[in-house]
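These are the residues of each chain, in order.
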Amino acid sequence: MSILKAEGRKFPTQTQVLVIGAGACGTIAALAAKEHGAEVFIVERDAKPSGSTSLSSGQIPAAGTKLQRAAGLLDDTPDLLYKDILAKAHGECDHAIARLIADEAKNTIEWLVERQVPLTCVLNFQYPGHSRPHMHAAKSLDGAELHAALLAAVEREEIPLATSAHATDLYADADGRIRGVRVTRPDGKTEDIGCDALILACNGYGGSKEMLKRFIPEAAELFYEGHVGNQGDAVRWGEELGASLKDMGSFQGHGAMATPHGVHLNWATVTEGGFHVNVHGKRFSNENAGYSEQALKVHRQPGSIAWAIWDERGDAIATQQASHVEAKQAGAVKRCDSVDAIARVVGCDAKALAQTFADVAAAVRGEKKDEFGRDFTRKPMLKPPYCVSKIAGALTHTQGGLEVNTEMRVLRKDGKLFPNLFAGGGAARGLSGPSDWGYLSGSGLMSATNMGRLAGIAAAKLVKE
Ligand SMILES: Cc1cc2nc3c(=O)[nH]c(=O)nc-3n(C[C@H](O)[C@H](O)[C@H](O)COP(=O)(O)OP(=O)(O)OC[C@H]3O[C@@H](n4cnc5c(N)ncnc54)[C@H](O)[C@@H]3O)c2cc1C
């Protein structure tokens, strides 16, 4: 995994725009580059592209879309989305990139719909920090459906996609101009492909324990639920080239992964009035602050686990998400008719759990302030039958990465641009600021889809200059 000297090398295969990674960012970048007149080639390490995109729930925030208007949501605007991103990240993300993505998100959604990606808006459920229901997704809320549609579009456009092609080295000139990529095949044989511009769409470093220990030691302890092939290659090459890396300690966690099943519950289990208790039957946080920051809070409980408790009303909403259905099919969700029955499942003192329920009910009625600062008054108190699941905190994806400008061009440490290097999605710095609390739900795919489209357009423009 290194930078090799190009030294006037001639490549047996040559393309104008080369894309590393066939997730949402890479496929969209390739489609956009081709549409803008460039010859494109994608290399993907897996035999069958999956990436975190296929593992995800496929929900992409955007504001002011035709889909929203057609569904009767008339007051969502890019301004609101921009403010939501900034508020969640406490203003500590790149404001110019956040503004650009908030403005472009509706164009990207409409562009995807034109390319037969089956998107609809999710109006019956609102994530923490979303001032309007910004999410757009396939009806299944399954990233695999989104990804399959993107791969089908790549195929329709006859964009070459080499699978089982692990990009292991980049060829660069002394000035940082990328001349080509070396890919290694599963049998160890290598092939070199030359390019006029390179787009890094190979996500972050969640799959590398070594990099997690170096950049986010606390996240290295969490179960990684993203794609294991995301080994931080973009960051490794970037470091060697002298690129600027930003927010390397930042990550998105998920505070309700059903365990030991390893699949996450939908967050309506919390937003609709549900809450988390530890093995003593006691709450320990404001669960509604966000699912990302809840991951470490759950992990820090005795036994590194907790119990999610919600009811059938929340469950009806949660069940629209494919991973939630999977958790139920795997037997991760127990039904309980009473608080005593929940206490037996949790193995805690029934009186302690009854006290927790009484405290939450008082907070719902507005009679008592929640000790963790959660506002319970907007949703009704949970009613039996209850749903209960044992949960752990998970690392979903890393949020640090290569610093890019508004054309998705990678910056050097001194702020100058590399001549022909682009990055997007999980390979680039995210929108979340420096830690785990800054992740606005959906920022992962919002970065991947918008940065991918913008990188593809800008790379095509560059190679045609
Ligand atoms: C369980 C789960 C649920 C999620 N739900 C959501 C959601 O609902 N909304 C949201 O916004 N985000 C969600 N996310 C996050 C989202 O999936 C990611 O942010 C997004 O998919 C990143 O897209 P990407 O194209 O950058 O990376 P990926 O989709 O991971 O694609 C990267 C590709 O690069 C390939 N690759 C890596 N290194 C190399 C190399 N050296 N050579 C060749 N190929 C390489 C990988 O094999 C992979 O196919 C979720 C994530 C998970 C794990």
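Each remark here, short or long, concerns the structure printed above.
Residues numbered from 1 in each chain as written. Predicted model: local features only at pLDDT ≥ 70, side-chain atom pairs only at ≥ 80, totals over all residues. Heavy atoms only, no water.

K.L.:
Please provide a residue-by-residue account of the site of the ligand, values included.
P.N.:
Inspection of the region around the ligand gives 42 residues, with Glu44, Ser52, Thr53, Asp233 and Leu445 positioned closest. With respect to the ligand, the backbone of Arg45 contributes an N or O atom lying 3.1 Å from a nitrogen atom. Note that an oxygen atom of the ligand is positioned 2.5 Å from one of the side-chain N or O atoms of Thr53. When the free accessible area of the ligand is taken as 1000 Å², the share hidden by the protein chains comes to 97%. Among the elements of the structure, α1 (24–35), α2 (51–55), β8 (166–172), α9 (233–241), β18 (386–398) and α16 (443–464) are those that each provide at least two residues to the shell around the ligand. The residue inventory of the shell around the ligand, partitioned by class, reads 14 nonpolar, 23 polar and 5 charged. (Near = heavy atom within 4 Å. Polar contact = N/O pair within 3.5 Å; in protein donor to acceptor, adjacent residues only side chain to side chain. Areas by Shrake-Rupley, 256 points an atom, 1.4 Å probe, with all protein chains shown as cover. Helix = DSSP H or I, 4+ residues; strand = E, 2+ residues; numbered from the N terminus. Nonpolar A, V, L, I, M, F, W, Y, C, P; charged D, E, K, R; others polar.)

K.L.:
How would you summarise the nonpolar core if you had to cite specific residues and measurements?
P.N.:
Ranked by internal contacts, the top residues of the largest apolar core, which has 88 residues, are Val17, Ile20, Val43, Ile85, Leu198 and Leu200. A total of 11 residues in this core trace back to one element, the largest contributor, which is α16. With residues up to four places along the chain from it excluded, the contact list for Ile20 reads Val43, Ala167, Leu170, Val181, Leu198, Ile199, Leu200, Ala201, Cys202 and Trp237. The next biggest cluster of nonpolar side chains, apart from the first, holds 27 residues, and it includes Ala256, Leu265, Trp310 and Ile391. (Core = buried A, V, L, I, M, F, W, Y, C linked by side-chain atoms within 4.5 Å. Buried < 20%, exposed > 50% of the residue type's maximum accessible area, 1.4 Å probe, protein only. Contact = heavy atoms within 4.5 Å.)

K.L.:
Hey, could you go over empty space enclosed by the protein for me, with residue numbers and the actual values?
P.N.:
One pass over the full model with this rule turns up 2 cavities of 30 Å³ or more. By volume, the largest cavity amounts to about 40 Å³. As for the largest cavity, its lining consists of Asp94, Ile97, Glu403, Val404, Arg429, Gly430 and Met451. One number sums up the size of the second largest cavity: a volume of about 30 Å³. The wall of the second largest cavity is formed by Lys88, Pro128, Gly290, Tyr291, Ser292, Tyr439 and Ser441. Considering only residue class, the lining of the second largest cavity consists of 3 nonpolar, 3 polar and 1 charged. (1 Å grid on protein atoms, 1.4 Å probe; cavity = no way out; pocket = protein on both sides within 12 Å on 5 of 7 lines; lining within 4 Å. Points joined across faces, edges and corners; volume = space filled by probe spheres on them.)

K.L.:
A description of the pairing of strand β9 (residues 178–184) should follow, citing residues and the corresponding values.
P.N.:
Direction of pairing for β8 relative to β9: antiparallel, over a ladder of 6 bridges. The partner of Leu170 across the bridge, within β9, is Val181. Taking the residues that link successive antiparallel strands as the turn, the β8-β9 hairpin has 5 residues, and the phi of Gly176 there is positive, at about 90 degrees. The pairing of β9 with strand β10 (residues 190–200) spans 5 bridges and is classified as antiparallel. By the bridge assignment, Val183 is partnered in β10 with Glu191. Remark: 5 residues form the turn of the hairpin made by β9 and β10, two consecutive strands paired antiparallel; Gly188 in that turn has positive phi of roughly 95 degrees. (Pairing = 2+ DSSP bridges.)

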